[in-house]
Amino acid sequence: MKRSIFSIAALCLTASAIAADPFDDKFRQLDELLPTATQYRTASGAPGHAYWQQRADYNIRATLDEANRAITGSETITYHNNSPDTLTYLWVQLDQNIFKPDSDARLMMTAPSREAWAKARGEEEGMKFEGMRNILTRDFDGGFKITGVKTASGGALKYTINRTMMRIDLPTPLKPGERFTFGIDWNYKINEQKVLGGRSGFEYFEEDKNALFEVAQWFPRMAAYYDIMGWQNKQFIGSGEFTLEFGDYDVQLTVPADHVVASTGELQNPADVLSAAQRDRLAKARTADKPVVIVTQSEAEAAEKSVSKATKTWRFKAKNVRDFAWASSRKFIWDAQGFRKDGTNVMAMSYYPKEGNPLWEKYSTQAIIHTIDQYNKFSFDYPYPVAISVNGPVGGMEYPMISFNGPRPTKDKKTGEITYSKRAKYGLIGVVIHEVGHNYFPMIVNSDERQWTWMDEGLNTFVQSLAQEAWEENYPAGRGDARYIVDYMRSKNQVPIMTNSESLLQFGNNAYAKPAAALNILRETVLGRELFDYAFREYARRWKFKRPTPADFFRTMEDASGTDLDWFWRGWFYTTDAVDVSIDGITEYGVSTRNPETEKAWKKQRHDEEPVSITDERNKGMPRRADAHPELKDFYNEHDDFTVTNKDRNKYAESQEELEQWEKDLLAQGKHLYLVDFSNLGGLVTPLILEIELKSGKKYIERIPAEVWRYSPKKITKLIVTDEPVASIVQDPKWETADIDQSNNAWPRRVAQSRVELFKSKRPDDMMKDFNTPLKNGKDQKAKAELDQK
């Protein structure tokens, strides 16, 4: 650290900036990127006085053909035109068409990287069987078969299918305020989820020859039409999920009589589909303090052993939802527990096969209730009557009131013992929190998932991290905290968060982890919890059952917190800049007291601290003329430049007479001043969080807002004033800003610690032993001959 001193006349130091050329204003307003406010969406981020959104009500009848893995259905849709526009056609989403052999999603598949193919040839890890099976399975006859589109009176409607979209031409224009009712008949084959992937499908259990069906995107659904986009016309090709309208649903599902159905909505006919004992258990569950089993494992195992030829129809109704999904299987165990608090009155329920126990019976329903309790704190009271978690082939997917979640215990093939790992336990708790949490974002705060994945996944992952913190201390989370996004922020293979869903390079990091980390930084470091939580709740409440855009979120957070955050949104959401703040240098300044006794002693101490020159060191003991002839020495040999003279003392006394008492007190304070140089190497401006350790060992944190970079976003110098000498300074000591290089964050610099692992080289004779190891099936000679040929 450099040390210097200056006079009181020069004490005019502030945080100074070194001008950058050209000037890059990181704090310029975001108006150039955000849409202009309208009567539909205000500049404050709230819905405008003329805000509108469309509505679609559904009446659906469908039958599950278990043997043929197919669904046949018919629906009646009543479409309400609440817009100020006259519509001449309607667009319907046919998302099942992603499974057609010639779908865009299939045709657009590119080969894995050449590095992946190198691994597949046997080098390093290789390709998974499941991945290769998915690539080679191209004969599945998936997608909707539309068998009829007709008016309410039965007249045929002209329609045109464009891959995953269908245009219906209206017989007469649909004017503002009018509604149109029409029907669609369809059928499709259900994909085997573990073979073809997807957000729904069936799972086959070889051991008991039964199947479990998770059914979603299963009926033609109205596309969204809204003020920003008009008709949502992006095809469904896999990544960007769904943009849908709210409405009421009346759904009747005919399934094998021994199946249990979990569904969006409330069951309307329990007497027709449940036994008296099951209905009694369900009633008790509503006020129970722990989950009550509605369909027991023994009942489920009994149902597995015989396949009913009869059918039952389960009827569900759901009000004001944007979608509808369900699951069906004779393998289901079902437990439930009621949860009532403030404005929430919900039945939390879990459905799972015996393969899910003992993990699911212990954690699933508890995690549902925990999710709702925690999310209510940060948004609004959960408004729906049920919340469901289903275990099946889909690893994690959300729909109104129901979610599909994947983790299960494992069964030892030799001993038959069933256990679950730490990863499975917290994987289940985490995925239930995440997927049930999606009821808030986007099932109620209804953002356009097809355009902006981060608006539901990022916000939901952020609140998920808060809920996980409330589950138990030291919860093993992997997203939310700023430190978890550092590796991604270092990478070059990324795009801004504000990138369309289909163009994201690292989907999980970009749409889930980075927005969650950004919001955590905004909450903990930029705004503080009180301001952030109020603003975030305001956003959720403003846009409950409405469709917000990114601008509505950004503007609401600023409006409700009273803080200009344009620099934050620009840096974190519109760029790939990273936080990398370096402490480049420190100079210590002391305030001159003008007292010659003090100042010359200080100068002498600095002089004495200087190293002896190599010349003087080697000349030590050299015969000197002045030593041999003492008469050559005089006053100047007896005194040096640090000797205080009477003239010095008189001058000091005269200067003191000219000072007022407050000026004398200021000189006597003995403060220590440090000019600290910082560089913004990553480009993303950030608050400075400085841990300052003093010579006595005392530590304290000084927080400096990000606006310190406003005049010079690349380099600044900050004045630090202390009561005693500084021993060290650390920028971001708690890793709260996602700084990608901690090695330059400390003064003095710290030694980075790591480990290197040593291993033995594999000798050629070891490789020969591997080759000559006999085959276990005894066909050694034939196999060896074949290998020799190859």
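What you see as residue numbers is a count from 1 along each chain, following the sequence as written. Thresholds applied to this predicted model are a pLDDT of at least 70 for local features of residues and 80 or more for the giving and counting of side-chain atom pairs; totals over whole chains, interfaces and linings are not thresholded and use all residues. With hydrogens and water excluded, all non-hydrogen atoms of the structure serve as input to the side-chain values.

Attention now moves to the overall build of the protein chain. Here a helix means four or more residues in a row that DSSP labels H or I, a strand means two or more in a row labelled E, and each is numbered from the N terminus. Counting its regular elements, the protein chain contains 23 helices and 34 strands. Values of the radius of gyration come from C-alpha atoms, whereas the globule rule sets the reference at 2.2 Å times the count of residues to the power 0.38. Its C-alpha atoms give the protein chain a radius of gyration of 35 Å, clearly above 28 Å, the size a compact globule of 790 residues would have. Dimensions along the principal axes, computed over C-alpha positions, put the protein chain at roughly 130 × 85 × 50 Å. Taking all 790 residues of the protein chain together, 50% fall into the buried category. Residues count as neighbours in contact if any of their non-hydrogen atoms are within 4.5 Å of one another. Taking the contacts inside the protein chain whose residues are at least 6 apart along the sequence as the reference set, 76% of them involve residues at least 24 apart. Exposure is judged per residue with a 1.4 Å probe applied to protein chains only, and the accessible area is read against the type maximum: over 50% gives exposed, under 20% gives buried, and values in between give partly exposed.

Okay, the pattern of salt bridges next. By salt bridge we mean one thing: a side-chain nitrogen of Lys or Arg within 4 Å of a carboxyl oxygen of Asp or Glu. A complete count under the given rule lists 48 salt bridges for this structure. The shortest N-O distance in the salt bridge between Asp 95 and Arg 450 comes to 3.5 Å. Taken together, the positions of Asp 95 in the loop between β5 (87–93) and α1 (104–107) and Arg 450 in the loop between α9 (422–437) and α10 (454–469) put the pair 355 residues apart, joining distant regions of the chain. Each member of the pair Asp 95 and Arg 450 is classed as buried. Here Lys 600 ties to Asp 648 by a salt bridge, and the two come within 2.8 Å at their closest N and O atoms. You can see Lys 600 sitting in helix α16 (residues 596–609) and its partner Asp 648 sitting in helix α20 (residues 646–657), a full 48 residues away along the chain. The structure contains a network of salt bridges with shared partners spanning Asp 24, Lys 26, Arg 28, Glu 32, Arg 570 and Asp 577.

Our next topic: the sheet that holds strand β31 (residues 699–704). Pairing between strands is defined by DSSP: at least two bridges between the two strands are required. The sheet built from four strands is open, its strands ordered β31-β30-β33-β34 with antiparallel pairing. The sheet is open, and its two borders are formed by β31 and β34 (746–747), each paired with just one other strand.

Judged by pairing direction, the sheet is antiparallel, and its four strands sit side by side in the order β7-β8-β5-β12 without closing on themselves. A single partner strand is all that each edge strand has here, and the edge strands are β7 (159–162) and β12 (221–222).

Most of strand β29 (residues 672–680) is tucked away: eight of the nine residues are buried. Across nine bridges, the pairing between strand β28 (residues 581–591) and β29 is antiparallel. By the bridge assignment, Tyr 589 is partnered in β29 with Leu 673. For β29 and strand β32 (residues 715–722), the ladder comprises eight bridges, and the chain directions are antiparallel. Paired with Phe 678 across the two strands is Ile 716, which belongs to β32.

On to the packing of helix α8 (residues 359–378) against α10, then. Put simply, α8 and α10 touch, their axes get as near as 9 Å, and they point 115° apart. Relative to α10, the element α8 is oriented roughly perpendicular. You can see that α8 and α10 cross each other, and the crossing is right-handed. For the pair formed by α8 and α10, the contact residues are His 370, Gln 374, Tyr 375 and Phe 378 on the first element and Asn 460, Val 463, Gln 464, Leu 466 and Ala 467 on the second. A breakdown of the residues in the contact of α8 with α10 according to their chemical character gives five nonpolar, four polar and no charged. Here, axes are lines fitted to C-alpha atoms. For helices the fit covers the stretch in contact, and angles between N-to-C directions go from 0 to 180 degrees. Here the angle decides the label: under 35 degrees means roughly parallel, over 145 means roughly antiparallel, 65 to 115 means roughly perpendicular, and every other value means oblique. With the far helix as reference, a near helix turned anticlockwise by less than a right angle produces a left-handed crossing, and one turned clockwise produces a right-handed crossing. Side-chain classes follow a simple rule in which Ala, Val, Leu, Ile, Met, Phe, Trp, Tyr, Cys and Pro form the nonpolar group, Asp, Glu, Lys and Arg form the charged group, and the remainder, Gly included, forms the polar group.

Quick look at the side chain of Ser 582 now. You can see Ser 582 is positioned in strand β28. We define a polar contact as two N or O atoms separated by no more than 3.5 Å, with the added condition that, inside protein, one atom must be a possible hydrogen donor and the other a possible acceptor, whereas residues neighbouring each other in sequence contribute only through side-chain atom pairs. There is a polar contact of 2.7 Å between the side chain of Ser 582 and the side chain of Asp 584. Every residue in contact with Ser 582, bar those within four places of it in the chain, is listed here: Asp 677, Phe 678, Ser 679, Leu 681, Asn 744 and Arg 749.

Summarising the element assignment, Leu 94 is placed in the loop between β5 and α1. Spatially, the C-alpha atom of Leu 94 lies 22 Å from that of Gly 396, the residues being 302 residues apart in sequence. Beyond its immediate sequence surroundings of up to four residues, Leu 94 is in contact with Phe 144, Ile 146, Ile 161, Thr 164, Met 165, Met 166 and Pro 220.

What follows deals with the nonpolar core. Within soluble globular proteins, side chains that are nonpolar tend to cluster in buried spots. Core analysis: the biggest nonpolar cluster contains 191 residues, and Trp 218 and Phe 553 have the highest contact counts within it. Counting residues per element, this core draws most heavily on α8, which supplies nine residues. Apart from the residues within four sequence positions on either side, Phe 553 is in contact with Trp 454, Met 455, Leu 459, Leu 519, Phe 536, Tyr 539 and Trp 569. Nonpolar core, defined: a set of buried Ala, Val, Leu, Ile, Met, Phe, Trp, Tyr and Cys residues in which side-chain atoms within 4.5 Å join the residues together.

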